[in-house]
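Coordinate inspection notes
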Amino acid sequence: SGGGAGSPAAALGAMTLRFVLMVNKQGQTRLAQYYERLPMDERCALEAEVIRKCLARTETQCSFFEYRGYKVVYRRYASLFFIVGVEGDDENELSILEFIHALVETLDRYFENVCELDIMFNLEKAHFILDEMVMNGCIIETNKNNILSPVMLLDKTGSL
């Protein structure tokens, strides 16, 4: 179950996420969620540089690097890069990779093998799922059933 003391969400709860990006292999942003106030020009510059760095890295390089005070952790699943920026040196890169994996598994369960088009044509649902997992930059839930139950309920009522 979700937010109990021994759950992954509790272990990850102290994380301070600053942004979550979903980007295709061509470098086009398909979803961007920020958990801090950044002017649009800074967001665009940050995204462009972070995406450029992720796309330029080889598969033999590790999945994290530092950029402008952020620790950037990313993972590629099929044609999408999932990129998370955290602030602080004490953040655990492996736990961020675990969060990314939980996000992908949750999207996979909802969309039945998620792909770029699912994100593009159901952006509000993708944001809603992410919002069920992260609040104000803190990971609050990683249990797929707990995350998807309100989404399924909204689907049933036709509200989403």
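Scope of this entry: the structure provided in the associated data block. (Residues numbered from 1 in each chain as written. Predicted model: local features only at pLDDT ≥ 70, side-chain atom pairs only at ≥ 80, totals over all residues. Heavy atoms only, no water.)

1. Focus: the overall build of the chain
A count of helices and strands for the chain gives six helices and seven strands. Secondary structure of the chain in N-to-C order comes out as α-β-β-α-β-β-β-α-α-α-β-β-α. The dimensions of the chain, computed from C-alpha atoms along their principal axes, are 40 × 35 × 35 Å. Burial status across the chain gives 44% buried among its 160 residues. Look at the contacts in the chain between residues 6 or more apart in sequence, and 54% of them connect residues 24 or more apart. Accessible surface computed for the chain: about 8300 Å², of which carbon and sulfur atoms make up 50%. (Helix = DSSP H or I, 4+ residues; strand = E, 2+ residues; numbered from the N terminus. Buried < 20%, exposed > 50% of the residue type's maximum accessible area, 1.4 Å probe, protein only. Contact = heavy atoms within 4.5 Å. Areas by Shrake-Rupley, 256 points an atom, 1.4 Å probe, with all protein chains shown as cover.)

2. Focus: the packing of aromatic side chains
Enumeration over the complete set of coordinates arrives at six aromatic pairs. A centroid spacing of 6.0 Å and a plane angle of 40 degrees characterise the contact between phenylalanine 19 and tyrosine 34, whose relative ring orientation is tilted. Here phenylalanine 19 is found in strand 1 (residues 17-24), whereas its partner tyrosine 34 is found in strand 2 (residues 29-34), with 15 residues between them in sequence. According to the relative accessible area criterion, phenylalanine 19 is buried, its value standing at 0%. With centroids separated by 5.8 Å and ring planes inclined at 85 degrees, the aromatic side chains of tyrosine 77 and phenylalanine 82 adopt a geometry described as edge-to-face. (Phe/Tyr/Trp six-rings, centres within 6.5 Å; stacked < 30°, edge-to-face > 60°.)

3. Structural notes on the layout of surface pockets
In this model, the largest pocket occupies a volume close to 220 Å³. If you trace the largest pocket, you find it lined by Cys54, Leu55, Arg57, Thr58, Glu59, Gln61, Ser63, Tyr74, Arg75, Arg76 and Phe81. Breaking the lining of the largest pocket down by element, the ones donating at least two residues are helix 2 (40-56) and strand 4 (70-77). The element best represented in the lining of the largest pocket is strand 4, accounting for three residues. The residue inventory of the lining of the largest pocket, partitioned by class, reads four nonpolar, three polar and four charged. (1 Å grid on protein atoms, 1.4 Å probe; cavity = no way out; pocket = protein on both sides within 12 Å on 5 of 7 lines; lining within 4 Å. Points joined across faces, edges and corners; volume = space filled by probe spheres on them. Nonpolar A, V, L, I, M, F, W, Y, C, P; charged D, E, K, R; others polar.)

4. Observations regarding the packing of helix 5 (residues 123-133) against helix 6 (residues 144-157)
Running from amino to carboxyl end, helix 5 crosses helix 6 at an angle of 140 degrees, the nearest separation of the two axes being 9 Å. The angle between helix 5 and helix 6 places the two elements in the oblique class. Here helix 5 runs over helix 6; the crossing is right-handed. Here Lys125, Phe128, Ile129, Glu132 and Met133 of helix 5 lie close against helix 6, whose contacting residues are Asn146, Ile147, Leu148, Pro150, Val151, Leu154 and Asp155. A breakdown of the residues in the contact of helix 5 with helix 6 according to their chemical character gives eight nonpolar, one polar and three charged. (Axes fitted to C-alpha atoms, helices over the stretch in contact; angles between N-to-C directions. Parallel < 35°, antiparallel > 145°, perpendicular 65-115°, else oblique. Left-handed = near helix turned anticlockwise from the far one by under 90°.)

5. Quick word on the sheet that holds strand 4
Spatially, five strands are ordered 2-1-5-4-3 in an open sheet, and the strand pairing comes out antiparallel. Because the sheet does not close on itself, it has two edges, and the strands there are strand 2 and strand 3 (64-67). Direction aside, the axes of adjacent strands within the sheet are offset by 20 degrees on average. Bridge count for strand 4 against strand 5 (residues 80-87) is eight bridges, and the pairing is antiparallel. Residue pairing for strand 5: arginine 75 is matched across the bridge by phenylalanine 82. With respect to the sheet, helix 2 is in contact with strand 1, strand 2, strand 3, strand 4 and strand 5, its orientation differing from that of strand 3 by roughly 145 degrees. Contacts from helix 5 reach strand 1 and strand 2, with the element oriented near 35 degrees to strand 2. (Pairing = 2+ DSSP bridges.)

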